[in-house]
Each structure stands twice: as C-alpha cells, then as structure tokens.
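# Chains, contacts and geometry: an overview
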Amino acid sequence: MTLLLILLLLLAAAVLCCPLEKVHPGSSRALAIFSLLMTTVLLFGYLWAPRVFTVPATLADLWWDQLNWAWIPRFGIRFHLGIDGLGFLMLALTLGMGLFGLWITPGQIRQRVGLFHCCYLLTIAGVVGVFTALDLFLFFFFWEVMLIPMFLLIAIWGYEDRTRAAIKFFIFTQASSLLMLAAIVALAYLSYLQNGEITFSLQHLAQARLPLHTQYWLMFGFFIAFAVKLPAVPLHPWLPDAHTQAPTAASILLAAVLLKTGAYGLLRFTLPLFPEACSAFAPLALMIGVASIVYGAMAAYAQQDIKRLVAYSSVSHMGFVLIGVFSGNSTATLGAITLMIAHGLSSAALFGMVGKLQQRFHSRNIAEMSGLWATLPRLSAVALVFVMAAIGLPGLGNFVAEFLVLVGSFPSYPWLTTAAVSGVILAAMYGLRLLQRVFFGLPHSNQVTPDMQDLSRRELAVFSCAGLLLLWIGLYPQPLLSQAKEWVEVIHNRTIENPANYTPRRDGDSRLKGSEAGY
Amino acid sequence: MIVQNLSAITPLLILGGGVVILMLQVAFFRGHRGALATTLLTLIATTTSCLFLLRTLPTQGHTVTGLLLVDRLSLFYCLLNIFTAAIVSAIGFHYLCARLAGQSEKPHHSESYPEAFYILLLLISLGACTLVSANHFASFFLALELISISFYPLLAFSVHGDRSPLRDQMLSLESGFKYLMTSAFATAVGLFGIAMVFTASGSLAFSTQPLTSDLYQAGLVLFLVAVALKLSLVPFHFWTPDVYQGAPTPVTALIATLGKSALVAALLKLVHTLQLFELPIINLLIATLAAASMIIGNLLALRQQNIKRLLAYSSIAHLGYVFVALLLIDERFAREAVSAYLVAYVLTTLSAFSIVSLVADSELPHTPGGAHPLQDHARDPFQRAFYRGLLWRAPVLSIYFIVALLSLAGIPLTLGFFGKFYLFSAGIQGQQWWLLIALIAGSALGLYYYLGLILDLLKRQDSAVAGDNRETPEKKPDSINMLKPAGCQKTSVTDRPESIALSGWLVLLLLTILLLGFGVYPSPLINWIIAL
C-alpha cells in the first residue's frame, strides 16, 4: 500500500501545483519539495519494516511489499506493483535526485511555475511506476507515461533549440518502445499458447520456455527500447540535444533517473525473461558497450558546450553499465547497479554545476570561460569533486562501480574488458580538459564582474550531500551491494522459477556457472 | 414472422420515420431549433430501441428477408453511428448558428435552409445503420449509396449571410463536387464487381462459400477497390484531403467517422462470412492497401499546414491500421479488435474535428470574409499557424485538443492506446509481421506530426500579451507578415473561448472524459465489446 501511497501523493501534489501557484506564487515549489520529502520518508520506512531475510526461493518471496489488483481482466493485465532491494535503490535515487533537482535550481523557472512543477512531479511519478511495476503491460504504461511530462519539460521550458530536441527525444523513445510493445504482446501470446492462460505478469512470463531464435527476436525488441534509453551508441543521438536543451532541473532528472530506467529494464525484464538469448547476445552487447564508452568519451572530449560534454560523458558511463549487465557475472552486475547510483549522483551534480555556470555567464561555452577558481572558489571546488568522481577517482562511488564491472567481466571477456578500460583514461582526458580550461588558468578579463556571486551556503550544502553520498559509496559500498544482491542472485541463479520444476538451463554455458564467487 | 422482422428493424424504422417527420415539420414550421430537437429525439428513440433489441435478440441474430442480419454486432455499430450523429448534430448546430447569427430573426425570410442539414444527417445515419446490418450485396450497395448520395449535398452545404465567407462556400461546393465524381466512379466499379460476383456464384447473399474461379475473384477485387475508394485507402485517396478541407467541419467529422466506421464494420462482416482471407489475392490486396495507407498516409501528413488536411491524411493512416485486425482468421478476436479500434478512432476523430470546428466558429466574427484565400495564415483558423501558442490563449480547449492528439498518436492514458494495443495483439496473433512493421513505422511517423502540432500549441510567447493591433496587419504588405515570426502576429489574434456555446463545451467535455476514462480503465468498454 505504501507504494500506492507514494504514487498517489506525487500525483495529487502534481494536480494541486497549478491551482496553488495561482493562489500564492511560489507555493507549488514548496508543495513539490514537501511531497517529495514525504514520499522519501515513506520509502525509507521500508528499511525499518520487519522483514525476514531469506534466500528467496521463488520470485514471489522476493518482494518486500506488493500490490496486486486486477486491471484489465480481458488480457490478464494486473495493477501489480512490488518493491525489492533493487527497486528500493532506484526509488531512493529517483526521489533523492528529484529533490536535488528542485533544491539546486531555485528561481530558474520564471514562467508557468505551477505547470513546471506539475510536469516535474508527473515525470517522477511515472518513473516510480516504472521502477515498481511487475506486470509487463503496466510497466509499458508507466514507461510511456513518464515520457509525456518530460517531453513538456523540454518543449516548454527548454533553451533555444528546445522544440527539435523535444521531438527528437520523444520520437526516439516512442518508436523504440513500440518495438517493445510488440515484443511484450508477442511474449504474452506465446506464453498463452503454452499455458492457455493469458497474462502479462513478469513471474509467469519468465517461466515460458521459448526456442532460442524466438527469444532472440523478442529480446531484441526489449533491448532496443532499453538501449535507446540507456543510451547505447548507435541509438544515442537524442541524448546530447535533450540534455543540453532541457532546463537544469529536467536535465538532472534525465541524467540521474531517466537513463537508469533503461538499465533497470534490462536487469529487471530482459535478463530474466530471455536468459539464453541474453547470454548468446552478450558478446555483441559488450561490444556495443565498449563502443559507447570509447565514442562517448571521445565525443565528450570534442565538445565546446559544457552541458553537451557532460551529456556525452553519460553515454560513456552507461557503456560500463551495459557491460556489467550483460557480462553474465554477479560481480559485474553489482558493479553496474552501483554505477547507476553513483552516476546518478555525479551527473546530477555536474548538471547542477553547469546550471549554475549558465545562470552566471549565460553561456555554456568552454572557450568563453577561464580561471573561474579565482572568482568562484566554491563552485569550482564542487566542480572539481564531481569531475573527479566522474573520471573514477578512487574513494568515490564511480571508481568502485567501474572497478567491479571490469573485474567481473574480465574472466569471461578479457579483450573487450581491456578495451573498456581505455574509457577510464579517456574520461580523465575530457574531465581534466574541462577543469583546466574552465576553472584553472588566468581569468578572462571580461568574465570577471563584481556582482558575480559564488555558491551560497545552502547550495553548497546540497552539493555536499551528493558528494558525501558518493564518498560513502566509494568507501563502504557494502550496504548498497547487499540491497541489490538478492535480485542479482535471482538473475544469475534462475531462482525465479519454481524450485520444484527447476531445471538447469545453462548447462552448456560454463562461463556463467563458474562466476558466482564474485562477492 | 412479420412482427418479428419488423421488431428487429425498429431502429431503422424509427430513423426512417424521423426523416419523414422532420421533412413534414420543416414544411410547416421552419425553425432551426425545432429541427435539432426532432433530430435528437429521433436519435434518442433509436438508441432506446437498439438497447431494447440488444436484450431481446437471440445471440446468433435475426435475419430479415435475407437482406439484413440484425445481430449484436450490428446493433453495437448502430449505437456507435447514432452517437456520432448526435455529436455531429450538436457541433453542426453550433456551426450553423455561428453562421446564421447576423441574419434576421424571421427564418422564413432568409435564403438559408439550415433544417436540411439535419434531414441529410438522419438519412446518413439511416444508411449507416442499414449498412452495418447488411447481409447481402444488394442491401450493402443500397445502404452505401444512401450514405454517399446524402453526403453530396451535405458536403456542399452552406448557409448564406455575412458570417458565412464566400471562400468557405466555394470550397465546400468544390468538396461536394469532388466527392460526387469519385463516389460515382466507385459506385460504377463496385456495381461491376458485384455483377461479376453474381455471374460467378449465382447469388448475392453473403453466405456463399468462396469460389476460386477467376471471375469471382476479379469481381471481389473490383468490389474491394470500390470500398477502398470510399474508405480513401492509398492509392485511392486523392480526393480525401480536398473533400475534407472544403466541407463544413462538422460534415468532415461525419465523413471521417461515421462514413468510415460503418463501412469497415460491414466489411468485417463480409470478410468473415465469405471467408475472404482464404483467397490469397484478396489477402494480398487488403494487406497492400493497408500497408500503403499506413506509410503513405502518414508521410503525406507530415508537411501539411492545414489542420483539416492533416487530419484527413491521418484518417487515411488510421483506416490502414484497422486492416491489420480485419485480416485475422479468428473471427471473435477480429471483431473485438476492429470494434475496439473503431470506437477509439471515432471518439478521437470526433473530438479533434469538434475542436477544429468550434475554434473556427468562435473565430468567425473576426475572420475576414470574401472569396479569396486568406494570405495571413495566422488568422485562418484552419491553419497550423493559427494554433501556435493556443495553450496560453485558450488553455482548456487546448488541453482537450492535446488529449485528442495524444489519443490519435496512441499514447497511454488515452483510448487510442488501447485501440493500438488491440491492433498489436491482432497482428501478432495473425502473425502479420510485415503489417506490424508498417504499423510501427506508421505510428512513429505519425508521432512526428501529432507532436509537431502539440508543440505548436505549446509555443510560448515571450513577448507581451495581446495588444489589440488587429488592424495593423492589413496595412502592411503581406510579405512582411510572412517574414515576421509567427509569435508576434499571433498575439493579435486571441482565441475567444467565451464565444463557444455551452453545448460545444459539453460535447468536448464528454468526448474527452470518454477518451481519458476508457484510457485509464478500459474494462467496461472491453467487456461490452466481448459480449458482442
């Protein structure tokens, strides 16, 4: 019920935002922050709820909390929400970064403030639905629902080229998700032919036994939709535009949360539904991952626009996630989940930082800034910390995550992993270039204006929260890993099936069996 | 037996009676409101009789003289037709009132005959309700002709007066004439096809098993070409945009919804009684028409600047989508999927055209008259330029429009999504992979222009609000107007939602609630359709 309460709270607050803003300007922002705080409190209530920690025997035992109502009986579609360790981490990231995005950008939205917060909360509500839906149809429903308010955020409050960016964003995601819809329906139909019962429930569909080539096609439908969201390299062109043109708060939401829905979809749906196809596809997926890492990093190095640079660095980092997800190794998968969280924090902070720069200089061009450390020491320090996090400095979260991914996937794919390591070096190149050009060196004479404000204490505090979280993940990632472990075990041991009729399906694949000793 | 037969066709009798009563009423008491009241009463009576029949009718239906088969499916479509007709009569009333507003109060002195609109509307409903019950090529053809012949004057319908620009009257005359030409051609082709079918099979009833003789197949192909012409499937679509653009907007809504849905329903019946999917040539023909309509319809819509033309091309594409489900061999699911999609399509299209019509009505007093096309697109309520930034001028109206567009695009939370979901299910069940790919590609193309339109609605105006510089555009040369960013011009033309009558708002509210309500919780609708 708490899950429903979280959803309803966000929706109710979203609906109330518009009328409230008319009555009292500024109140919609307060309402949005309040509702996000409330939902965060509700969510963290789960940590203290009494739970029996057992190794889950079936998928049904895994969930901390479930809600399962009939929705469209004709197609066996159920309103089925559930939360587990992985879902909890993702929800915490969503709500936390939602708060971060609002806190870091006070007063940046001047027009139609109520509508802005309405769309913002609706996006978050859609993402919460995506991270909790256990019925494939419901998942698709939320998947689409989160798009529309995000589209509006970019199209109404974006920067100069917003219309094109918004259309590009929407069409890329929507067209690929139509493929996913076809795959979902086909999967349900094939499972209906086998069992005589039509259902879209993840638990039931995962038990369908499909021939490899069918699995391959269906997996492809899912993979493309998720790879667009991730984004993986040939499907990434929407990302730099959407990130650059979106207002800062929406950029933060996009980078920190929406990108993670793709990786989450791969983990939650693609891997358990199509295990054989995924392991057969793994080498290709890893190649795509390596291509994303290298291409993203090189493109980031070439950018003049700081926001585009950060956006391309996301492509690069998400390549590591793709490798971790598909390497078929628990350690690497755990690393991918850690990277999702760590990248969420660091990229959100970087976009926040770029937003601050844009606010002060009305420009995002690297060439127009230099030597900011002298005038804006706090902002520069913030930038230093998060750029270091992004390039994987040991002691911060991203390092742990990328290390786990690389260590985990090396035994199975030594050459591809070696190629992926180059991403760490390339990251250092674009990260240090950014720092050196913008923050170090001699200040431009025309840049220094006396009214240039450094970060206020409050803003510094918000940034430090994200920094401390990254430090915590970097120094002691175990609590986070143990939350995610349950689902990773489910993926790799196939405990998702009923133990009674469990048959080892991966006998031929010794790579995957031999790699359980990671953590 | 006769009593049973008559009771089975009470809806048709009531509609027919309504037409006669309305004609007599108009002959004695001219009156616009009175005509609307009689129309609505007739429609309500027909609905009641349909609902009554739904309870009493045996499941397999009731055959009336071999010409008609009244079953639950046909009654369902009768109800849909009547609903459409009721909405169109309300919108049409608004349309006619807006154009008659400046005229003298004594109606019999004027040269305009708005009452004829309702007579023709009822005749079309009668034709549509007969068409969905048709069980014989003769009744099929008669009903189709009744619809077409009533559409000729309705498409060219106009009322005279200062408020009715000559430009619109000329366009609607052109529209009626174009439809007359193509429709007459379709009739000829279709009749020829029916004659060939009759020669080959010796029967015109729908119950015959498929023959494989060449003559029979050729006859069916010709017949289907005629149907495709009426449904404006690619490559028989050339008349559509002109006819849609020129016709009075309520009539456009009518021809796009009722004119299509009734024919598709009849075709559904025909395909499954004759088991046409057994014939490879027919299968190929229908699949080609469908795929071409989806892709080319959407491609042609991409660059349309006129809203009505855009919606015309979009309706071509949507008709192509339906055919994915029509070819399904599983008759029960085909019925279900086609019906679900048609309901979604009809409600959405009605909603979209109603909004266009109401916007144009409310803008009418401020649109310059005359016979020449408007040079300034931002002041022509049928141009996209006019819709730029509408959300900030008329928020509620724009939200209705956005909902309708999202539903056309098939985005969740709207009924259109469930329609599309049904089509996906049907395509996968029938393993029509190529059609599915065309459906996905068409939908992706469709998104582009639906979104473009939504973005136009959302264009924010950063400049100051609506100074009343209404007179200035005429003084400047047009070329300068064209060069100016549309946002600046737009501020001069504020939308006037207050001039939309309550009936218009109610219609829009009803349609939007249906679109969103069934979009979130479609079970009642699905249960109803399954019970057919």
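As a convention, each chain's residues are numbered from 1 in the sequence order in which they are written. Lettering for chains starts from A, numbering for ligands starts from 1, and both go in the order in which the items are written. Given that the model is predicted, a residue must reach a pLDDT of at least 70 before its local features are reported, and side-chain atom pairs must reach 80 or more before they are shown or counted; all residues, however, enter totals for whole chains, interfaces and linings. The basis for every side-chain value is the complete set of non-hydrogen atoms in the structure, without hydrogens or water.

## Some thoughts on the overall build of chain B
Counting from the N terminus, the helices are the DSSP runs of H or I reaching at least four residues and the strands are the DSSP runs of E reaching at least two. The helix and strand inventory of chain B stands at 23 helices and two strands. Computation of the radius of gyration draws on C-alpha atoms alone. For the globule rule, the value is 2.2 Å times the number of residues to the power 0.38. Relative to the 2.2 N^0.38 estimate, which gives 24 Å for 532 residues, the radius of gyration of chain B is 23 Å and therefore close to what a compact globule would have. For every residue, the accessible area (1.4 Å probe, protein chains only) is compared with the maximum for its type, and the residue is labelled buried under 20%, exposed over 50%, or partly exposed between those bounds. Considering chain B as a whole, with its 532 residues, one finds that 62% of them fall into the buried category. The method behind every accessible area is Shrake-Rupley, applied with a 1.4 Å probe, and residues are considered shielded solely by the protein chains displayed. Summed over all atoms, the accessible surface of chain B reaches about 19100 Å², with 69% contributed by carbon and sulfur. Between the mean site of the 30 positive side-chain charges and the mean site of the 26 negative ones, chain B shows a separation of 3 Å. Positive: Lys, Arg. Negative: Asp, Glu. His and the chain ends are not part of the count. A charged residue contributes its charge at one atom only: NZ of Lys, CZ of Arg, CG of Asp or CD of Glu.

## So, the overall build of chain A
A tally of regular secondary structure across chain A gives 22 helices and two strands. In terms of overall dimensions, chain A is globule-like: its C-alpha atoms have a radius of gyration of 22 Å, near the 24 Å expected for 519 residues. Taken along its principal axes, the extent of the C-alpha atoms in chain A is 75 × 55 × 45 Å. By the burial criterion, 65% of the 519 residues in chain A qualify as buried. The contact definition used throughout considers only heavy atoms, calling two residues in contact when any of these lie within 4.5 Å. Of the contacts made within chain A by residues no fewer than 6 positions apart, 80% connect residues no fewer than 24 positions apart. Surface accessibility of chain A: about 17600 Å² in total, with carbon and sulfur atoms responsible for 68%. Between the centroid of the 30 positive side chains of chain A and the centroid of its 23 negative side chains there is a distance of 6 Å.

## Observations regarding the nonpolar core
Here, nonpolar core refers to any group of buried Ala, Val, Leu, Ile, Met, Phe, Trp, Tyr and Cys residues whose side-chain atoms link them within 4.5 Å. One finds A:Phe100, A:Leu136, A:Phe222, A:Leu273, A:Phe326, A:Leu357 and B:Phe140 to be the most contacted residues of the largest nonpolar core, which totals 401 residues. The leading source of residues in this core is helix 13 (residues 331-363) of chain B, at 20 residues. Those residues in contact with A:Leu273 that lie beyond four places of it in its chain are A:Leu136, A:Leu187, A:Leu202, A:Leu205, A:Ala206 and A:Phe222.

## Overview of the interface of chain A and chain B
Taken together, the contact pairs 36 residues of chain A with 36 residues of chain B. Counting each side, the surface lost to burial between chain A and chain B is near 3300 Å², with a carbon and sulfur contribution of 79%. Salt bridges are defined as contacts in which a side-chain nitrogen from Lys or Arg sits within 4 Å of a carboxyl oxygen from Asp or Glu. Counting across the interface, chain A meets chain B through one salt bridge. Of the charged contacts, one joins A:Arg74 and B:Glu336 as a salt bridge, the two residues approaching to 2.5 Å between their closest N and O atoms. In protein, a polar contact requires one atom able to donate a hydrogen and another able to accept it; more generally it is a pair of N or O atoms within 3.5 Å, and residues adjacent in sequence count only if both atoms are side-chain atoms. Applying the counting rule to chain A against chain B returns three residue pairs in polar contact (both at pLDDT 80 or more). Take the accessible area each of two parts loses on contact, using a 1.4 Å probe, and add the two losses: that sum is the buried area.

## Quick notes on the pattern of salt bridges
Residue and element names in this part refer to chain B. Tallied over the full model, the rule gives 22 salt bridges over all chains. Between lysine 230 and glutamate 145 there is a salt bridge whose closest N-O contact spans 3.6 Å. Highlighted residues: lysine 230 in helix 8 (residues 214-231) and glutamate 145 in helix 6 (residues 137-155), separated in sequence by 85 residues. Take lysine 230 and glutamate 145: they sit in the same class, and that class is buried. A salt bridge links aspartate 168 to arginine 167; its shortest N-O distance comes to 3.9 Å. Using a relative accessible area of 17% as the deciding quantity, one classes aspartate 168 as buried.

## Describing the pairing of strand 1 (residues 65-72) of chain A
All names here are of chain A. Sheet analysis places strand 1 next to strand 2 (residues 77-83), joined by seven bridges and oriented antiparallel. When the bridges of strand 2 are listed, aspartate 65 appears paired with isoleucine 83. Hairpin remark: strand 1 followed by strand 2, antiparallel, with four residues in the connecting loop; positive phi at glycine 76, about 60°. We call two strands paired when DSSP finds no fewer than two bridges between them.

## Structural notes on unusual backbone geometry
Cis peptide bonds are those with omega within 30 degrees of zero, and the linkage from A:Leu230 to A:Pro231 qualifies with -5°. Here A:Pro231 shows up in the loop between helix 10 (212-229) and helix 11 (238-245). One non-glycine residue with positive phi stands out, namely B:Thr65, at about 50°. The topology assignment puts B:Thr65 in the loop between strand 1 (62-64) and strand 2 (68-70). The exposed category is assigned to B:Thr65, whose relative accessible area is 61%.

## Focus on the side chain of B:Asn135
Mapped onto the fold, B:Asn135 is located in the loop between helix 5 (115-133) and helix 6. Among residues more than four places away in sequence, those in contact with B:Asn135 are B:Thr63, B:Gly66, B:Leu67, B:Leu68, B:Leu69, B:Ala205 and B:Phe206.

## Here's the deal with helix 19 (residues 414-439) of chain A
An ideal rise of 1.5 Å per residue puts 38 Å on 26 residues; helix 19 of chain A measures up with 38 Å between its terminal C-alpha atoms. Remark: A:Gly441 follows helix 19 of chain A within two positions and exhibits a positive phi of approximately 85°. Multiply 1.5 Å by the residue count of a helix minus one, and that product is the helix's expected span.

Shape descriptors only; they carry no functional weight alone.
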